[in-house]
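Report on the structure
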Amino acid sequence: MGSVFCSNHCVFLFPFVFLFRQSNRLRNLLKEPRHDCVLFANEFQQYSFCPREKGESQEKWQTRCVYSAAVWYYNHLAGMMDIVMITDDQEAVDQYSSLSSGVYVITVRDYLQNFWPDLQAAHELYASVSQVLQEKESEGKEGEYGEHLPPEVLEAGIKSGRYIQGTLNVSKHRAQTEAFVMMEGFSNKSSDIGCRVLVHGDKSRNRAVHGDVVVMELLPKSEWRGKVTALSEGQGAEKSGEDESKPLPTGRVVGILQRNWRDYVVTFPPREGPQSQSRNSQRILAVPWDYRIPKIRISTQQADALQDHRVVVRIDSWESSSLYPNGHSVRVLGRAGELETEVQTILIENSIHVPPFSDAQLREMPVNSPEKPWKVDPAQVAARRDLRESHLIFSIDPKGCEDVDDTLSVRSLAGGKTLELGVHIADVTHFVKEGSITDLEARTRATTYYLADRRYDMLPAVLSGDLCSLLGGVDRYAMSVMWELDAHTLAVNQVWYGRTIIRSSYQLHYELAQALLNGEQAEVPELARLGSERKDDRLAELTQALETLTHIARQLRAQRDQGGALELEGVEVRAQLDEEKNITALVPRQPLEVHETVAECMIYANHWVARKIQETFPHQALLRHHPPPRQEFFSQLLESARARGFTIDTITNKALANSLDRAVDPEDPLVNRLLRMMTTQAMSEALYFSTGSQSLDQFYHYGLALDRYTHFTSPIRRYADIVVHRLLTAAIAAEGEGAPGKGLASNKELEEMSRHINSKNRAAKRAQKLSTELFQCLFFKDRDPQTDLRCLADAVIYSIRDDGVLVFVSEYGVKGPVYLKNREGQVVTFGQDGSCEWQSGSVRRYPDHISTTSACNTSTFRLFNHITVRISVYSSHCHADRLNLEVISNKPYRSTEAQQPRSEGRCQLVQEVVRLAEEASQQAQEKAARGPKLSREERKFCQSKTPNLYSLLEEVRELALMDPEMIPQVCATEE
Amino acid sequence: MAGLELLSDQGYRLDGRKATELRKVQARMGVFAQADGSAYLEQGNTKALAVVYGPHEMRGSRSRTLHDRAVINCQYSMATFSTAERKRRPHGDRKSTEMSLHLKQTFEAAVMTQLYPRSQIDIYVKILQSDGGNYSVCVNAATLAVIDAGIPMRDYVCACTVGFVDETPLADLCYAEESGGVSSLALALLPRGGQIALLQMDARLHQDHLETLIEAAMTACKGVSKVLDQVVRQHLEEVSMLTGE
């Protein structure tokens, strides 16, 4: 089978036979409509098919097939366009190049040189790939690893239960030795050996890389090993067996079913004298940014130029004779340590691809410029319910929010007997037609990515910031859900779903809305120009509406609480950006009641929409569920709570919510917060799914305590909402016709889409976390930990490990390990005054405390004790920087200033980084003309630094998790 | 191992057919002179030979005689060389007994047995080469043989297998598809009246999909019936030419 790739001026065929059969990635690339590629099944076409001749080799035959397809295509186009067929087979070039006039057969190298002489990146890529191919042939055969078994044997083994299939998951902290295989458990044995199998050492890992689907064989019980539980400091601390937990099932990899290689970011190590050149100067062992990935051997001639640069590479192969996998470089990101490089690294490591919107996409967009303002279409006005005059509609959002996707309205009907509550959501699907390029791009992105200092929109700015955004005072299309509620019982009498046209009267922000509710004097910008009398009237009207809304929300919340909704604590900060995309502050969620009010209305709308689409399309509706957590993940929480004398009941969500509410230490509010944080970590992840693929009892949303839930209210920044909007539109249409309509996508497509959205959401969350940590590191980087007071902070112990404790620094939102024993075997003890000293001694661990003993002193650290730590930055060259916490006193830290509210520390942090950036930019401006402001500042700002790296911090955070797979989900704060 | 991709993104199957496309059907009637009726039918790489004797008096145990209609006796067998692995296939094994029974049921529904009381019609089918859809090929070949024997039938009996892959029904499965874990359904149809003579399904399938699957099978059967009709007409032309009418 050959592939036709059409670019604008030439068409050529590729002998992609093997690749096509095997590589899903190539196929996905071709499927992507934005690449203008077509796959031509020449085997199945009468005129381009040629039967294989006797004695003809497979490759020859395939080349001949592709050639005859090329000839056919040339004739099909009636000679209007010349065809280029590229191959790497020199014989084929000789054989075919002179045969037919319109079809040129050339090698890849000639093709690149003749047609794309100035595409430097492609030339480099080609050079690095061909080098790898050449070297592969000349490689020796002495085996470093055992050979993988052939696929038939694996398949038979899996079926008979002899082998186990699963995804390899390398431990972040001991990437060299420890890995786990998560079983895709259908096998009945999974009950007695649990769902994780340990793979110890790289011999038994046998060339599998993190994420691969592998087949493994269990070792006999005598060779089972435990997992190392001590905090290891860097890679040097090699622990012997005594620190291990009880033996886990252990196995070795015998075969790999599917490689899951993606693009990796690596750093070329600096030259360390002549020994690295001894064998082959062109081969470099590059260190991946991700700890879990082994070093990759790269063949390149640019090794010198790429020193200290971060480079995107792909792994090509891993022969059994080689200790490391071979790869080739794809793209250079930039010098390690520069902010732009680091942010790009975060994106690539999470497989986030956000190119600027293409012209073709922007052409699809409606125009709204001062010369040509966008107007409401009269045809749409006729088709939609007009709420512009009849309803008082307002939005409540964070300050400075551009993409307003939700607005609210409330009014009383029938002389106060009933209330009408309305939630009006931006009608994105009106602008983004299914199948359009914008839609495809949005589907690929699946969500808007928020990083600490920037944001990558899912939709082009003209939609997200303007036409879809429900701004105040302008006419906008909306998708509405309106309930008629009984004024007293708040029972739902009637629900109306439909498309509307609205004009939001007030664009409030949370603080302002709260001030109005509290009866404080507040200035509403929309009313500033009115006379005082009218102003008071309008203000009273607005306040009345807000009060009603709050009343309803309280009731709804109470209803859900009865069902057992959880309120969880997540460390969540959000960067506030000004017009130039500079951060003005990192805003933590201030617990105002109005937040809850808005969130409650949104949850209510989501719930009702979920009911509607699920009822109309029982097998193909996109919903969101939150499976109940596995009880064993609660063990840390239970243990910690017991240390403080609280009992936590985790049987149902209701019991859990109640017991969490009770577990409050009046003297230390942090205790409750930490407990809630631990609960969050025990939670399973909330996921989108298609109703056809799960049974009804799986629909339950554990965190919100709702039987059905979906995402409907933020179509501007989430693709799932767009899908739900389309489903709702189809449901409304089906209702009108009276016939059960067909859903837009089949169950299978929907399931595939929800998997895609789930993985993108996970990536977005990880990227956001990493970028926050990047900024934390940048903040502390310039400070001298010895002198700067801001590097001292109060920390709370929340977990005990063998040679240290895990602490939470609330001021900066940092979690991390504190070692009580260093590599020389010295332990830290404290004198009477709380000063610490390092002496040789021993550490003993108990369930709820850990104590260090040296010659003269004994110190004990209990759970939830407050200690003082010094924060410094630990830079490593190839990975991310991380924050290092060091205990300096066992007394709580009291800053000289009065106790600040905790949030300020964090705001300060980013403000400080930004301030530094601005100073640097001023210097830059003196020299150079203006450029894109932020990037230059930041680059300048970072250049003074040593190379930097920060996935260690990630590691540190993960230490707190029982299971690295469980990425904490903050479900109660979803709206 | 992820199995073979039975239906590519472009809608091609393993052998290059589209989802609803049948394999090439070629058939000849009257291949043996000694039998009352005979036919040879190829459907792709599945080849079958059908021979009909009768109607004649009951042979063997007379106790099976039916006083109001003819008894249909079917025997299905596979040639030792019909599969990739040579294997002795005795007549009485469970698979072929079951298949014989199915054929019998199918033809009892189609042949107008009441015209021949107290007699017997023998249908012998042999698979010469097996490549999926054995039952349906047998039915199609036997139909032609019965017609060749001049035994009145209500209608052609046409059979076809249909599988269900990626929410799409695939018509006329070949061996690779049948063995690839597809839930398949065999259907024998009297196409003119749309009556189902036999419906057989061993695999699990969601009941929502059953209707589309049957729908597709019926369409496929109608396609087969067109081909058979052509074969019969052509055979008739040839025969009448020979007899000089």
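Relevant structure appears above.
Keep in mind that this is a model prediction, so the values were computed, not measured.

About the cut-offs
Residues numbered from 1 in each chain as written. Chains lettered and ligands numbered in written order. Predicted model: local features only at pLDDT ≥ 70, side-chain atom pairs only at ≥ 80, totals over all residues. Heavy atoms only, no water. Helix = DSSP H or I, 4+ residues; strand = E, 2+ residues; numbered from the N terminus. Buried < 20%, exposed > 50% of the residue type's maximum accessible area, 1.4 Å probe, protein only. Contact = heavy atoms within 4.5 Å. Areas by Shrake-Rupley, 256 points an atom, 1.4 Å probe, with all protein chains shown as cover. Phe/Tyr/Trp six-rings, centres within 6.5 Å; stacked < 30°, edge-to-face > 60°. Pairing = 2+ DSSP bridges. Core = buried A, V, L, I, M, F, W, Y, C linked by side-chain atoms within 4.5 Å. Axes fitted to C-alpha atoms, helices over the stretch in contact; angles between N-to-C directions. Expected span 1.5 Å × (residues − 1). Buried area = accessible area lost by both parts, 1.4 Å probe. Salt bridge = Lys/Arg side-chain N within 4 Å of Asp/Glu carboxyl O.

Focus on the overall build of chain A
A count of helices and strands for chain A gives 26 helices and 37 strands. Split into buried and exposed, the 975 residues of chain A put 54% on the buried side. At a minimum sequence separation of 6, the contacts of chain A that also span at least 24 residues come to 69%. Working note: accessible area of chain A is about 43800 Å², and carbon and sulfur atoms make up 49% of it.

Concerning the packing of aromatic side chains
Applying the stated rule across the entire model yields eight aromatic pairs over all chains. The interplanar angle of 35° and the centroid separation of 4.9 Å between the aromatic rings of A:W483 and A:Y604 together place this pair among those described as tilted. Here the residue A:W483 occupies a position in strand β22 (residues 475-486), and A:Y604 occupies one in helix α18 (residues 593-616), the gap between them amounting to 121 residues. On the basis of relative accessible area, A:W483 is assigned to the buried category, the value being 0%. Taking relative accessible area as the criterion, A:Y604 reaches 11% and is therefore assigned buried. Ring centres 5.9 Å apart and planes at 70° place the aromatic pair B:Y53 and B:Y124 in the edge-to-face group. Of this pair, B:Y53 sits in strand β3 (residues 46-57) while B:Y124 sits in strand β5 (residues 119-129), and the two are 71 residues apart along the sequence. The class for B:Y53 is partly exposed, based on a relative accessible area of 33%. On the accessibility criterion, B:Y124 (29% relative accessible area) is partly exposed. Three or more aromatic residues joined by ring pairs form one cluster here, namely A:W374, A:F431 and A:Y477.

Remarks on the sheet that holds strand β17 (residues 393-397) of chain A
Strand order in the open sheet made by the seven strands is β16-β23-β22-β19-β18-β17-β24 (chain A), with mixed pairing throughout. Each edge of the open sheet is held by one strand with a lone partner, namely β16 (385-386) and β24 (506-509) of chain A.

Here's the deal with the nonpolar core
A:F394, A:I396, A:L421, A:W483, A:L508, A:L546 and A:F712 are the most contacted members of the largest nonpolar core, which has 88 residues in total. Take this core: its biggest share by element is 10 residues, from α18(A). Aside from chain neighbours lying at most four places away, what touches A:L508 is A:F394, A:S395, A:I396, A:D397, A:A513, A:V524, A:L542 and A:L546. Counting residues in hydrophobic clusters, the runner-up holds 59 residues, among them B:F107, B:I121, B:L189 and B:A220.

Observations regarding the sheet that holds strand β4 (residues 71-78) of chain B
Residues and elements named next belong to chain B. A sheet is described by the order of its strands in space; here five strands give the open sequence β1-β2-β3-β5-β4, paired in mixed fashion. A single partner strand is all that each edge strand has here, and the edge strands are β1 (25-29) and β4. Taken pair by pair, the neighbouring strands of this sheet meet at an average axis angle of 15°, ignoring direction. Direction of pairing for strand β2 (residues 37-43) relative to β3: antiparallel, over a ladder of seven bridges. Across the sheet, Q43 pairs through a bridge with T46, a residue of β3.

Side note on helix α4 (residues 207-243) of chain B
Residue and element names in this part refer to chain B. Its 37 residues give α4 an end-to-end C-alpha distance of 53 Å, which sits within 8% of 54 Å, the value for a rise of 1.5 Å per residue. What α4 keeps buried is the set L213, I214, A217, M218, A220, C221, V224, S225, L228, V231, V232 and H235. One or two positions beyond α4, positive phi appears at G244, with a value near 75°.

Some points on the interface of chain A and chain B
Contacts between chain A and chain B engage 12 residues on the former and 12 residues on the latter. Buried surface at the junction of chain A and chain B, both sides included, amounts to about 1000 Å², of which 55% is carbon and sulfur. Our enumeration of links across chain A and chain B arrives at one salt bridge. Between B:D166 and A:K748 there is a salt bridge, and its shortest N-O distance comes to 3.8 Å.

Geometry only, nothing functional implied.
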